[in-house]
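# Coordinates in review
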Amino acid sequence: MHFKEIIGHQQVKDHLLQTVQDNRVSHAQLFLGPEGSGSLALALAYAQYINCENPSPTDSCGQCSACLKYQKLIHPDLHFSYPFFASGEKDVATVYVEEWRKAFLENPYLGLTNWRNQLDAGNKQANINIAEAHDIIKKLSLKSFEAEYKVLIMWLPEYLDVQGNALLKLIEEPPAKTLFLLVAENQDKILNTIISRTQLVKIFKLGHQDVKSFLIADKGLSEERAHEIAFIADGNIQTAIDLLEEDTNPYFNLLINWLRFVVTDAGLQLIRTSEEDLSKLGRENQKNFLIYAINMLRQIVLLQQGLHDLVLIQGQELDFVKKFSDNFQLEQLEAAIELLEKTHYKVERNANPKILFLDLSLQLVLIFKYKTIPQGTQYI
């Protein structure tokens, strides 16, 4: 993986390159960025650059023995750890390494759902188990085969749980020339004892234009279609790739109908929409729908504030935003956005979707129909 292959993040790339050139490579680093932002790809490009035999000031050479093996994920001093769906207590990540290589090489921006689909996971929970922690200790205690650095890239250490305590001493005092790169999406779910032993590399979500340019250049989309998908994806390349399979925006009509029922307080239709449409989307689509709804309301706020240059939508979406902005106040929109964000948080934590979306709908009725803005404990 070359830095030049990764979308955006030039400031982060420059920082990583500088640490190598200044010989200030921290032995344990936490790449923290949202799903689909490219944090995993950045970690791999960084490791490849460190072990490249002929690096340039801006990237690895891509031609030396180390680079060729890194690009196929088969370098003997490159190790991966990731959540998997163990069929036995002794399963470790290397059992699934072929599936991992295939999934990553097809899509370096993959999310956990995409990874789950590569495996026969069933209803099993993703986990990085104690057997994997012990296997990491064993692998990293060995001398390197070829490269200057042994590298462990751990994707989603959030799933390490208390097993991570077994790695604390190794992370804090690793063997010489051993590099830990942890790639996470949610800092709150990582053990504090691990966070305190790592140097943070903050990676922000990709911008609208970055995603749009990727879809045009790499996927051959028209500018209009790329613009539409980039808006829905909200910086998540994995979501953008998933949306390529859709012929049209899958969320616009659903959002319009739902909000129409909300502002008219159509109780039966709200119940039906919550139970038959929203709750059956599936967790990832529910999250994407909520993000889309949040972004649409934010576009209304921008329009109301006269920031027309920042409005990203067009066509029928823009017509809807203009009509909606004429009928509702900023206070209502801000309360609705906050409510949608809290609902997104609850969807991530597997709340009951029927109850969750019906409750959301009824609270939005209070905001938009009756102009009742929740306050204090009333919001709980």
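Our subject is the structure listed above.
Residues numbered from 1 in each chain as written. Predicted model: local features only at pLDDT ≥ 70, side-chain atom pairs only at ≥ 80, totals over all residues. Heavy atoms only, no water.

This part takes up the packing of helix α13 (residues 267-278) against helix α17 (residues 353-368). Viewed as axis vectors pointing N to C, α13 and α17 meet at an angle of 145°, and their least axial separation amounts to 9 Å. α17 is crossed by α13, and the crossing has right-handed handedness. Contacts between α13 and α17 involve Leu270, Ile271, Ser274, Glu275 and Leu278 on the former and, on the latter, Lys354, Phe357, Leu358, Ser361 and Val365. Classifying every residue of the contact of α13 with α17 by side-chain character gives six nonpolar, two polar and two charged. (Axes fitted to C-alpha atoms, helices over the stretch in contact; angles between N-to-C directions. Helix = DSSP H or I, 4+ residues; strand = E, 2+ residues; numbered from the N terminus. Left-handed = near helix turned anticlockwise from the far one by under 90°. Contact = heavy atoms within 4.5 Å. Nonpolar A, V, L, I, M, F, W, Y, C, P; charged D, E, K, R; others polar.)

Our next topic: the pattern of salt bridges. Tallied over the full model, the rule gives 14 salt bridges. Here Glu228 ties to Arg225 by a salt bridge, and the two come within 2.3 Å at their closest N and O atoms. One end of the pair, Glu228, and the other, Arg225, are both in helix α10 (residues 223-233), three residues apart, so they sit about a helical turn from each other. Judged by relative accessible area, Arg225 falls into the buried class, the value being 17%. One salt bridge connects Lys287 with Glu348, and the closest N-O pair in it is separated by 4.0 Å. Here the residue Lys287 occupies a position in helix α14 (residues 283-304), and Glu348 occupies one in helix α16 (residues 330-348), the gap between them amounting to 61 residues. Each of the salt bridges in this network shares a partner with another, and the network as a whole consists of Glu284, Lys287, Glu348 and Arg349. (Salt bridge = Lys/Arg side-chain N within 4 Å of Asp/Glu carboxyl O. Buried < 20%, exposed > 50% of the residue type's maximum accessible area, 1.4 Å probe, protein only.)

So, about the pairing of strand β3 (residues 150-155). Burial of β3 is extensive: six of the six residues sit out of reach of the surface. Of the two faces of β3, the one lined by Lys150, Leu152 and Met154 and the one lined by Val151, Ile153 and Trp155 are each fully buried. Pairing between β3 and strand β4 (residues 178-184): six bridges, direction parallel. Within β4, the residue paired with Leu152 across the bridge is Phe180. (Pairing = 2+ DSSP bridges.)

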